[in-house]
Amino acid sequence: MKLQSIIRYQLSDSKKSLLIFYAIMFSIPLLTTTGFLSFGSGSAEVRGTEMASAIFIFVIGLNSFRANFLFSQANGVSRKTQFKGFLVTILLISGVMAIIDAIYTHLFSLLVPYMSFFSMIYGSIYLTDSAPLSALFGGLLWSFFLYALYGMFGYFVTLVYYRSGLIMKLVVSIVPAIFIFFVLPYLAFVNLAVSRVIVNLTVLAFGLGVNLNPYQSMFTFSLFFIIFAIGSYLLMRRAPIK
Amino acid sequence: MNQIEIKGITKVFGETTALKNVTLTIEPNKIYGLLGRNGAGKTTLLNLMTNKIFPTSGEILIDGQNVLENDQALSQIYCIAETNLYPENMKVKSAFDWTKKFYPDFDRGYADMLAHKFGLDTSKKIKSLSAGYNSIFKMIIALSCQVKILLLDEPVLGLDANHRDLFYKELLSNYSAHPKTIIISTHLIEEAADLLEDVIIIKEGEVLLVDQVENLLSKGYTLSGVASLVDEYIKDKNVLAQSSFGGLKTAYLLDESARVNLPQGLEISKLDLQQMFIHLTNV
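Because the structure is predicted, anything quoted here is derived from the model rather than measured.

## Here's the deal with the pairing of strand β7 (residues 149-153) of chain B
All names here are of chain B. Across the 5 residues that make up β7, a large majority, 5, are buried. Judged by which residues are buried, β7 turns out to be covered on both faces: I149, L151 and D153 on one side and L150 and L152 on the other are all buried. Across 4 bridges, the pairing between strand β6 (residues 77-80) and β7 is parallel. Bridge pairing links I80 to L152 in β7. Read as a crossover between parallel neighbours, the route from β7 over helix α6 (residues 161-177) to strand β8 (residues 181-185) is right-handed.

Here is the structure:
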């Protein structure tokens, strides 16, 4: 009962943002075809709008904890139920967004030269006659897992900040950035073996080897989704009202 | 049954111990007053009872069920918190609609009727409500939820005298129609005293006293007269406090035998709940 209610509430909380986001997204091809928006003369292409969706759902994840937590607490909802509610909500939103984006990709490509992010990476394996349907299915699934991961990651980040004190907030803000932008490039630069490991791991994680395999990246997205979900639950299960 | 058992609850925040080994049994369908000075641990206790925070040790049971992460136990209880837990951009009527989804017994008609009585515009956003109307909004939800246990933390904060009077009347009429366990934490003791059946006084995180209001009031007296007479009379009595002015003295007593064999020259008068609370917690 409470689970259903919290799912409904969280869905309704994101509904308005979703409508605004897609109103903007769908206005782009409309404005393009009506001549209000121009990509310049020549052979301009629009690519990879899935990343806009991924960033959008990351923000949804970021905004899904604090206010919902307080509201849940006002209504006698346990943290466990709220967390389950978020899992269902983010998976539903990811699913809906993946379907809308698949339609969007199809419509947009009819109007302007457009290539989805998925086609840019894995498009070459869908060149046979029977491929359009499997490309559609593959792209839809890939987007779903990507969005679910971004949404969960946003939730995890907001929970880390919620549970941290001022010093810890600074540490979790600065340390990952230093590691990704300074330590890792430095290690890769001074040690070829490190850069080889990074490249090999990326190829393996995203199925970018000789035989491109999008399902490998879906597995990686799912794995990280589970890791962030476990992390979020551990942070949330004893979260106090602040 | 709407019994609440608080067993050995201790809550520590950093270096501050807010509650120390509190053990209490809240009996069903009674109105309790939870009294204590600022920082005594009242809000902490209410927050623990609704699992808004976690105890350092001990447990709280509602009808034998631990409240920790227990949707079933938590759905029997509603707490008016001092802070606003509702989204600020939500409209009052929307908050009523959502509450109905979480508390299926929420009486929407009754909520609308109370909103009309208190002059609360339900089309307003929560963030635009004044402090008084914010209290009214939360109080209406609490009364309309029809839960078995109501926890009211400073329910009349910011309310004018007329609205406070109306609130006390509505609370009593709601209680008469649907008996429930109510715990009111308030600093306006004099106003709420007539509502309360039992009182729990907390001091510095420890339970100082749990008693029936009637019983407590029957023990409380103020004794005044010549200092030597007063001193002689109170030497074997339970004295809460004393004050002297010139050769006169006033003693505040919590003792059933205080009225027996009262010597001439001494005057005795009853202590009300607020005076008793002040003297009990001032020491």
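On we go from here.
## Re the domain arrangement of chain B
Residue and element names in this part refer to chain B. Once the domains are mapped, chain B shows domain 1 (4-204) and domain 2 (216-282). On a C-alpha basis, the centroid separation for the pair domain 1 and domain 2 is 35 Å. Contacts between the two partners involve 11 residues from domain 1, matched on the other side by 8 residues from domain 2. Each partner contributes to the roughly 880 Å² buried at the junction of domain 1 and domain 2, and carbon and sulfur atoms together form 73% of this total. On the domain 1 side of the contact with domain 2, R37, I189 and I201 bury the most area, a combined 50% of that side's loss.

## Observations regarding unusual backbone geometry
Keep in mind that most residues, glycine aside, have a negative phi and that most peptide bonds are trans. All names here are of chain B. Unusually for a residue other than glycine, D63 sits at a positive phi of about 50°. Here D63 shows up in the loop between β4 (57-62) and β5 (65-66). One non-glycine residue, Q146, lies in positive phi territory at about 55°. Among the secondary structure elements, Q146 is positioned in the loop between α5 (131-144) and β7.

## Things to note about the interface of chain B and chain A
Each partner contributes to the interface: chain B provides 22 residues, whereas chain A provides 23 residues. Carbon and sulfur atoms supply 60% of the area that chain B and chain A bury against each other, a total of about 2,200 Å² over both sides. Sorting the residues of chain B by area buried against chain A places E69, L85 and F102 of chain B first, and these three jointly supply 32% of that buried surface. Put simply, chain B and chain A have 1 salt bridge between them. For E69 of chain B, the salt bridge identified is with R79 of chain A, shortest N-O distance 3.3 Å. Those elements giving two or more residues to the side of chain B that touches chain A turn out to be α2 (71-74) and α3 (92-102) of chain B. In terms of residue count, α3 of chain B provides more of the side of chain B that touches chain A than any other element does, 4 residues in total. Among the residues forming the side of chain B that touches chain A, the class breakdown is 13 nonpolar, 5 polar and 4 charged.

## Quick notes on the sheet that holds strand β10 (residues 206-212) of chain B
Residue and element names in this part refer to chain B. One open sheet accounts for 6 strands, arranged β6-β7-β8-β3-β9-β10; its pairing is mixed. The open sheet terminates on both sides in strands that have one partner only, identified here as β6 and β10. The sheet shows a mean angle of 15° between the axes of neighbouring strands, direction not considered. Note: strand β3 (residues 31-36) against strand β9 (residues 198-203), 5 bridges, orientation parallel. Bridge pairing links L34 to I200 in β9.

## Concerning the environment of T50 of chain B
Looking at where T50 of chain B falls in the secondary structure, it is placed in the loop between α1 (42-49) and β4. Sequence separation between T50 of chain B and L266 of chain B is 216 residues; the distance between their C-alpha atoms is 49 Å. Ignoring sequence-local partners within four residues, the contact set of T50 of chain B consists of Q73 of chain A together with L74, I77, C79 and L151 of chain B. A polar contact is formed between the side chain of T50 of chain B and the backbone oxygen of L46 of chain B, at a distance of 3.0 Å.

## Considerations on the sheet that holds strand β13 (residues 248-254) of chain B
Remark on secondary structure: sheet strands pair via backbone hydrogen bonds, oriented parallel or antiparallel. Residue and element names in this part refer to chain B. Spatially, 4 strands are ordered β12-β13-β11-β14 in an open sheet, and the strand pairing comes out antiparallel. For this open sheet the edge positions go to β12 (239-245) and β14 (267-270), each flanked by a neighbour on one side alone. Within this sheet the neighbouring strands show an average axis-to-axis angle of 20°, counted without direction. In this structure, strand β11 (residues 220-226) lies alongside β13, joined through 7 bridges in antiparallel fashion. Its bridge partner being in β13, T222 is matched across the sheet by Y252. Sitting on the sheet, helix α9 (residues 227-234) touches β11, β12 and β13, and the angle it makes with β11 is about 140°.

## What to know about the packing of aromatic side chains
Geometry of an aromatic ring pair is reported as the spacing of the ring centres plus the angle between the planes. Residue and element names in this part refer to chain A. Scanning all chains against the criterion turns up 30 aromatic pairs over all chains. Between Y122 and W142 the ring centres are 6.3 Å apart and the planes differ by 70°, which places this aromatic pair in the edge-to-face class. Within this pair, whereas Y122 is found in helix α5 (residues 117-122), its partner W142 is found in helix α6 (residues 131-163), the two being separated by 20 residues in sequence. Accessibility assignment for this pair places Y122 and W142 in one class, buried.

## Here we look at the nonpolar core
Judged by nonpolar contacts, the single largest core of 107 residues is most densely connected at Y78, Y86 and F137 of chain B. A per-element tally of this core places α6 of chain A first, with 10 residues. Two domains each donate at least three residues to this core, and these are domain 1 (4-204) and domain 2 (216-282) of chain B. Apart from residues lying up to four places away in sequence, F137 of chain B is in contact with Y86, V92, A95, F96, L120, I126 and L129 of chain B. By size, the runner-up hydrophobic cluster in this structure holds 27 residues, among which are I9, L19, L24 and I77 of chain B.

What counts and what doesn't
Residues numbered from 1 in each chain as written. Chains lettered and ligands numbered in written order. Predicted model: local features only at pLDDT ≥ 70, side-chain atom pairs only at ≥ 80, totals over all residues. Heavy atoms only, no water. Buried < 20%, exposed > 50% of the residue type's maximum accessible area, 1.4 Å probe, protein only. Helix = DSSP H or I, 4+ residues; strand = E, 2+ residues; numbered from the N terminus. Pairing = 2+ DSSP bridges. Right-handed = clockwise from strand over helix to strand, strands pointing away. Domains from an automatic or database assignment. Contact = heavy atoms within 4.5 Å. Buried area = accessible area lost by both parts, 1.4 Å probe. Salt bridge = Lys/Arg side-chain N within 4 Å of Asp/Glu carboxyl O. Nonpolar A, V, L, I, M, F, W, Y, C, P; charged D, E, K, R; others polar. Axes fitted to C-alpha atoms, helices over the stretch in contact; angles between N-to-C directions. Polar contact = N/O pair within 3.5 Å; in protein donor to acceptor, adjacent residues only side chain to side chain. Phe/Tyr/Trp six-rings, centres within 6.5 Å; stacked < 30°, edge-to-face > 60°. Core = buried A, V, L, I, M, F, W, Y, C linked by side-chain atoms within 4.5 Å.

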